[in-house]
Protein chains: 2
Amino acid sequence: MLPKNQDSESADMEESQTLDVVDINPCLLNIDYACRGSIPSRASQIQKELIQGDAKCFKKVVQCNLGDCQLLGQKPITFGRQILSACAYPELLNHNIFPSDVVDRTKLLLKSFNNSIGCYSESSGSEFVRNSVTKYIQKRDGYPADPNNIFITNGASSAIKMILYSLIKAYDNNIMTGIMVPVPQYPLYSASLSEFNGKLIPYYLNEADNWSLSKSEIERAITDGFTFSKPKALVVINPGNPTGQVLSYQNMVEIVKFCHKYKLVLLADEVYQHNVYDKDSKFFSFKKVVLDSGFTENTFTLVSFHSVSKGYYSECGIRGGYMELFGFKPELRAALIKLVSSNLCSSTSGQIILESLVNPPVEHDPSFPVFHEEKSAILDELRQKSELMHSLLGEIIGIKCNKIQGALYAFPQLFLPQKFIEHSEKESKPPDEYYCMKLLEETGVCVVPGSGFRQMPGTHHFRITIIPPLEDIKNVLSSISDFNQKLFKEFS
Amino acid sequence: MLPKNQDSESADMEESQTLDVVDINPCLLNIDYACRGSIPSRASQIQKELIQGDAKCFKKVVQCNLGDCQLLGQKPITFGRQILSACAYPELLNHNIFPSDVVDRTKLLLKSFNNSIGCYSESSGSEFVRNSVTKYIQKRDGYPADPNNIFITNGASSAIKMILYSLIKAYDNNIMTGIMVPVPQYPLYSASLSEFNGKLIPYYLNEADNWSLSKSEIERAITDGFTFSKPKALVVINPGNPTGQVLSYQNMVEIVKFCHKYKLVLLADEVYQHNVYDKDSKFFSFKKVVLDSGFTENTFTLVSFHSVSKGYYSECGIRGGYMELFGFKPELRAALIKLVSSNLCSSTSGQIILESLVNPPVEHDPSFPVFHEEKSAILDELRQKSELMHSLLGEIIGIKCNKIQGALYAFPQLFLPQKFIEHSEKESKPPDEYYCMKLLEETGVCVVPGSGFRQMPGTHHFRITIIPPLEDIKNVLSSISDFNQKLFKEFS
């Protein structure tokens with residue numbers, strides 16, 4: 001019998017009969033994304049209250065919860081924005097506003113987009129842009145790359161989600177697909193594994209050794225993972241989010257060998273490749289390490305991700321990124337093309353900014369002096385901020401923080417008083433979440449609790465971005481310091 | 001025992017051991033998207049061959065396979081592009097290039113994006129843009145709308161995929177989730193149902209009655225659907241893609257009542273709402289019909305989709321669109337917010353173009369005269385093209401085509417000679433696919449076979465866009481006519 005509504009033709013209009021939670025995809029309900037969770041939501045609300053004139057003991061909310069540099073005052077790179085504006089309105093090329101290299105690049109880009117950024121591009125991105133990405137990778141690594149292996153996407157997030165979707169055999173009833181993810185992790189990974197019904201196999205980064213990745217720990221983690229899943233891939237975020245570490249070359253070689261040993265696809269989240277501040281650290285791509293180690297496309301499978309949202313561009317809102325496939329059989333690549341085809345293409349604006357990122361002005365180009373100055377100033381300032389953040393955090397009671405080698409974050413450990421932990425447990429809140437909410441309410445400083453990124457059980461952390469202006473960093477850290485002083489007095 | 005590679009530490013570099021087709025998500029392999037399938041691929045290849053100087057019996061490929069007006073020469077609306085370029089490079093506001101309303105709007109938009117389009121916006125889109133969308137909907141329908149129910153996305157496709165993902169309980173072993181989809185359909189629907197492991201319940205549009213939707217047919221389809229799935233939603237594309245019909249108000253009322261009767265979520269793909277050419281047809285939104293019929297958010301669940309890629313803007317590459325939720329409980333809306341949060345936000349460029357679409361210049365605004373002229377010219381020309389296409393198709397042997405009331409396509413039926421059908425079956429190709437490939441090879445005209453959209457078994461069609469320049473339409477149709485003459489002679 002068909003389940004019809006009674007009397008439906010004379011529609012009983014009062015009965016509530018819309019979609020219910022039990023009617024929808026249960027995976028949807030498991031998704032959580034802390035960087036935009038309850039604490040950032042409350043921060044927006046407080047900001048509105050302040051505008052409305054509510055009295056608080058602080059004047060503004062400082063958003064240290066998102067790696068969004070322009071939100072905190074960083075200026076965009078002129079070169080990229082000039083090209084984007086000229087591509088959007090080519091009539092501007094007649095106004096003698098732009099340097100000649102911007103004009104030339106705009107013409108090349110427009111040609112590659114069939115004369116208008118309003119046309120769909122190829123599904124994996126314009127061939128011209130993919131060629132520029134290819135040259136960038138070749139120059140970076142000293143190894144060949146192939147534009148057919150480049151997929152341009154609306155930010156790295158959508159590339160990462162696409163690959164996780166593709167790797168997870170969600171409908172295999174016998175055993176779930178396991179994806180090894182570092183803990184602490186960027187919550188896109190846990191959110192996407194919930195979304196696609198994959199199993200997160202946590203491996204713990206070694207906080208005592210500046211968040212390095214230990215061979216014995218990944219061996220322990222996969223042994224554990226095999227008891228509840230079929231491990232399929234290993235995620236590495238380098239430089240680390242939220243942990244700020246830069247992996248050593250030797251550490252990377254170990255990871256590559258480990259992936260080969262267990263036939264894992266290595267997913268290399270390398271969106272912070274331009275954000276290295278520590279003079280003793282250097283960024284190497286996993287592709288280079290894989291090739292240096294003698295592996296080939298027949299013996300190793302790797303996907304690496306990059307983005308315009310971080311580095312010195314920080315064009316978060318434009319949504320541009322790419323992934324490079326390595327070791328993918330043609331039929332798998334073809335399947336991915338079909339997947340992206342149904343979305344038609346990624347945003348041409350994102351493709352344009354990506355192209356300007358991977359193909360920047362070089363010496364003697366008219367745009368080079370301004371570009372060079374902007375880039376250096378941004379990276380120098382981020383270096384100063386990382387040092388200031390680290391040194392000020394080190395002075396605060398109840399906080400211990402590793403050196404910030406790269407990326408845009410510190411992930412300090414909180415050593416909370418036992419009474420505070422008990423108090424927050426009475427409130428049924430994870431202690432670090434309770435701490436962050438109190439910090440926000442009392443100081444206007446918005447940081448994200450470590451529990452949103454996962455952490456070693458029994459430890460507590462928060463993630464704070466290093467990107468506010470230097471003066472704000474001092475004020476923020478002074479607020480946290482006062483807050484902790486008070487908290488330790490109150491709960492000792 | 002753990003499945004390790006033997007001798008992995010001394011890595012056997014010769015053995016091919018990368019990811020295999022059997023290792024990946026089987027749903028991925030089922031995805032197909034005809035608008036970018038084998039025929040359009042071959043068309044790109046032929047275009048390259050022509051550029052390389054290969055001799056063909058035609059001079060250029062005419063791409064009638066994608067609803068991409070700017071690809072075929074349509075100019076973008078100046079108002080939107082001026083705002084986009086100024087938002088990208090606000091320094092332009094100092095150059096006295098733009099009308100004052102463009103300057104004012106740019107400033108408002110920049111403020112809503114925290115002063116830079118390089119910042120992440122709210123996950124569901126900037127509040128300012130969602131407010132503009134809300135006002136547009138209110139004005140269109142004469143009913144209230146709520147900015148909290150608006151989600152701005154990278155084109156309508158990603159909104160549609162998000163909702164299908166959310167509705168499909170893919171891991172329910174007992175019974176699959178069924179989604180009723182019109183046949184012929186836009187292949188995004190079949191591709192997404194493959195992607196998310198849902199079940200497509202086809203209902204056939206009535207070709208004999210200008211592709212209308214008959215009550216008895218949807219009743220038949222759902223009765224059938226219940227035998228293999230749990231029907232959850234019904235998709236309507238109005239104006240129709242690929243069919244070009246505009247539903248009558250009365251027909252829409254029947255659909256609404258049907259959805260209420262079976263507690264189906266109505267998914268209203270209304271991206272062609274500005275593309276109505278037939279003087280006897282008029283676009284009504286399903287939201288208006290639902291509310292006119294006396295239903296409320298307690299008694300009806302609806303999602304409607306709109307896009308900047310169609311209409312008179314046709315900004316396909318910019319990727320902007322929105323969905324409006326109706327009748328969604330707060331906890332479901334919250335779950336969708338989490339889903340979009342993990343992608344951070346949609347492209348700010350898409351949001352800007354969307355805002356300019358839903359909030360166009362009005363009389364007495366400095367941009368109004370140009371805007372009005374551009375809009376009218378585009379829509380007038382599309383009307384002429386739809387009439388020309390319909391009348392010329394009607395003169396071709398073996399082709400019968402309904403009136404093109406709206407959208408950007410004709411979907412003529414092909415009455416192929418029996419011998420041709422037998423011949424193509426020998427080649428193991430669907431007859432219409434074989435026809436379209438031959439047509440492409442011999443004339444350079446690229447159309448998409450009806451089998452890519454699904455069609456009534458035993459019938460054959462192709463989809464052709466009405467958007468080439470008028471002169472090209474004449475040439476294209478003359479090529480098809482000659483081709484059919486020859487084909488009917490050869491295979492009679």
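Residues numbered from 1 in each chain as written. Chains lettered and ligands numbered in written order. Predicted model: local features only at pLDDT ≥ 70, side-chain atom pairs only at ≥ 80, totals over all residues. Heavy atoms only, no water.

- Looking at an unreviewed UniProt entry, chain A carries the name alanine transaminase, with the source organism given as Thelohanellus kitauei.
- Regarding chain A, the UniProt comment filed under Subunit (unreviewed entry) reads as follows: "Homodimer."
- Checking UniProt for chain A, the heading Cofactor (unreviewed entry) contains the comment "pyridoxal 5'-phosphate". (UniProt positions renumbered as here; feature names shortened; annotations may be inferred.)

Topic: helix α5 (residues 127–141) of chain B
Residues and elements named next belong to chain B.
Working step 1: With 15 residues, α5 should cover 21 Å at 1.5 Å per step; its first-to-last C-alpha distance of 21 Å lies within 8% of that length.
Working step 2: Elements in contact with the buried residues of α5: α4 (100–112), β2 (150–153), α10 (286–292), β7 (302–307), β8 (321–326) and α12 (348–358).
Working step 3: Looking at the residues trailing α5, positive phi occurs at Gly142, about 75°. (Helix = DSSP H or I, 4+ residues; strand = E, 2+ residues; numbered from the N terminus. Expected span 1.5 Å × (residues − 1). Contact = heavy atoms within 4.5 Å.)

Structural notes on the domain arrangement of chain A
Residues and elements named next belong to chain A.
Working step 1: Considered domain by domain, chain A is made up of domain 1 (30–60 + 375–491) and domain 2 (100–358).
Working step 2: The distance between the C-alpha centroids of domain 1 and domain 2 comes to 28 Å.
Working step 3: The interface is formed by 32 residues belonging to domain 1 together with 33 residues belonging to domain 2.
Working step 4: Both faces considered, domain 1 and domain 2 share a buried interface measuring about 2900 Å² in area, 55% of it formed by carbon and sulfur atoms.
Working step 5: The three residues of domain 1 that bury the most area against domain 2 are Asn402, Gln405 and Arg454, which together make up 24% of that side's buried surface. (Domains from an automatic or database assignment. Buried area = accessible area lost by both parts, 1.4 Å probe.)

A look at the relation of the copies chain A and chain B
Working step 1: Least-squares fitting of chain A to chain B yields an RMSD of 0.0 Å, with the transformation described by 0.0 Å of translation along the axis and a rotation of 180°. Expressed as a symmetry operation, the mapping of one chain copy onto the other fits a two-fold axis. If distances are taken from each C-alpha of chain A to the rotation axis, the shortest is found for Ser85 of chain A, at 2.0 Å. (Least-squares fit on C-alpha atoms with pLDDT ≥ 70 in both.)

A short note on the pairing of strand β4 (residues 199–204) of chain B
Residues and elements named next belong to chain B.
Working step 1: Bridging between strand β3 (residues 177–183) and β4 involves six bridges; their strand directions are parallel. Note on β4: the bridge partner recorded for Pro182 is Tyr203.
Working step 2: Traced from β3 through helix α7 (residues 188–196) to β4, the parallel crossover comes out right-handed. (Pairing = 2+ DSSP bridges. Right-handed = clockwise from strand over helix to strand, strands pointing away.)

Here's the deal with the interface of chain A and chain B
Working step 1: Taken together, the contact pairs 120 residues of chain A with 120 residues of chain B.
Working step 2: Counting every contact that joins chain A to chain B gives two salt bridges.
Working step 3: Among the ionic pairs, Lys48 of chain A bridges to Glu127 of chain B, the shortest N-O distance being 3.9 Å.
Working step 4: Here chain A and chain B share 41 residue pairs in polar contact (both at pLDDT 80 or more) between them.
Working step 5: Elements with a contribution of two residues or more to the side of chain A that touches chain B: α1 (26–30), α3 (78–88), α6 (155–167), α7 (188–196), α8 (215–226), α9 (249–261), α11 (330–341) and α12 (348–358) of chain A.
Working step 6: In terms of residue class, the side of chain A that touches chain B is made up of 49 nonpolar, 43 polar and 28 charged. (Salt bridge = Lys/Arg side-chain N within 4 Å of Asp/Glu carboxyl O. Polar contact = N/O pair within 3.5 Å; in protein donor to acceptor, adjacent residues only side chain to side chain. Nonpolar A, V, L, I, M, F, W, Y, C, P; charged D, E, K, R; others polar.)

Quick look at the pairing of strand β5 (residues 230–237) of chain B
All names here are of chain B.
Working step 1: Counting buried positions along β5 gives seven out of eight residues, so the element sits mostly inside the fold.
Working step 2: Bridging between β3 and β5 involves four bridges; their strand directions are parallel. In the strand pairing of β5, Gly178 is matched with Pro231.
Working step 3: For β5 and strand β6 (residues 265–269), the ladder comprises five bridges, and the chain directions are parallel. (Buried < 20%, exposed > 50% of the residue type's maximum accessible area, 1.4 Å probe, protein only.)

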